[in-house]
Amino acid sequence: MTTFRISEAAALLGVSSDTVRRWVDAGRLAAERDEHGHRRVSGADLAAFARSQVGSVEGGRSSARNHFRGIVTEVVRDAVMAQVEIAAGPFRVVSLMSRQAADELGLEPGVVAVAVIKSTNIVVEIPGHERVAGSL
């Protein structure tokens, strides 16, 4: 199972590490201690928490090309298509893609992904993976 350090969870949620520690201390976000005593948050717990925190953001400026690094919070698949939701800080990004692409990328709640937005198209990338879905 994917787990995240407090600093990684903070970066994905768009807040400080201290904020995540306070949420853990208050019981709002579950965390376990590893063998070194460091707190780790499971990907599934982080995805559920991120989903509960997503709100609408008004205004703001953007360019034609934006990269939103976040955590996959939901994947809905049917026979042909998949709907992928990513929480990137205060932003909720939803992408429609082929089921095959979602399967090849291994998209599931708790996976770190990047939503690349240009015009009306959103491309989902997995950091550190060079292979593009459908290529050999």
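From a predicted model like this one, the values you see are computed outputs, not experimental measurements. (Residues numbered from 1 in each chain as written. Predicted model: local features only at pLDDT ≥ 70, side-chain atom pairs only at ≥ 80, totals over all residues. Heavy atoms only, no water.)

## Re helix α1 (residues 6-13)
Those residues of α1 not exposed but buried are I6, A9, A10, L12 and L13. Buried residues of α1 fall within an arc of 165° about the axis and therefore sit on the same side. Taken from the residues just after α1, G14 is the one with a positive phi, measuring 75°. (Buried < 20%, exposed > 50% of the residue type's maximum accessible area, 1.4 Å probe, protein only. Helix = DSSP H or I, 4+ residues; strand = E, 2+ residues; numbered from the N terminus. Arc of directions from axis to C-beta.)

## Points about the side chain of E85
Secondary-structure assignment places E85 in strand β5 (residues 81-88). Here the side chain of E85 touches R51 through a polar contact of 2.6 Å, side chain to side chain. Polar side-chain contacts of E85 include one of 3.0 Å to the side chain of R92. (Polar contact = N/O pair within 3.5 Å; in protein donor to acceptor, adjacent residues only side chain to side chain.)

## Describing a nonpolar patch on the surface
Taken together, the side chains of V80, M81 and L96 define a hydrophobic patch exposed on the protein surface, amounting to about 300 Å² of accessible area. With respect to the helices and strands, L96 occurs in strand β6 (residues 91-98). Given a relative accessible area of 59%, L96 falls into the exposed group. (Patch = residues over 30% accessible without salt bridge, like charges linked within 9 Å, V, L, I, M, F, W, Y side chains within 5 Å. Areas by Shrake-Rupley, 256 points an atom, 1.4 Å probe, with all protein chains shown as cover. Salt bridge = Lys/Arg side-chain N within 4 Å of Asp/Glu carboxyl O.)

## Regarding the environment of V111
Within the secondary structure, V111 sits in the loop between α4 (99-105) and β7 (112-118). In this structure, the C-alpha to C-alpha distance between V111 and T2, residues 109 residues apart in sequence, is 7.5 Å. Among all residues touching V111, those that are not within four sequence positions of it are G70, I71, V72, G106 and I126. (Contact = heavy atoms within 4.5 Å.)

## Comments concerning the confidence of the model for the protein
On average, residues of the protein score 85 in pLDDT, and 83% of them reach the 70 mark or higher. Between residues 56-64, whose pLDDT stays under 50, and residues either more than four places distant or in other chains, the model counts five contacts. (pLDDT = per-residue confidence, 0-100.)

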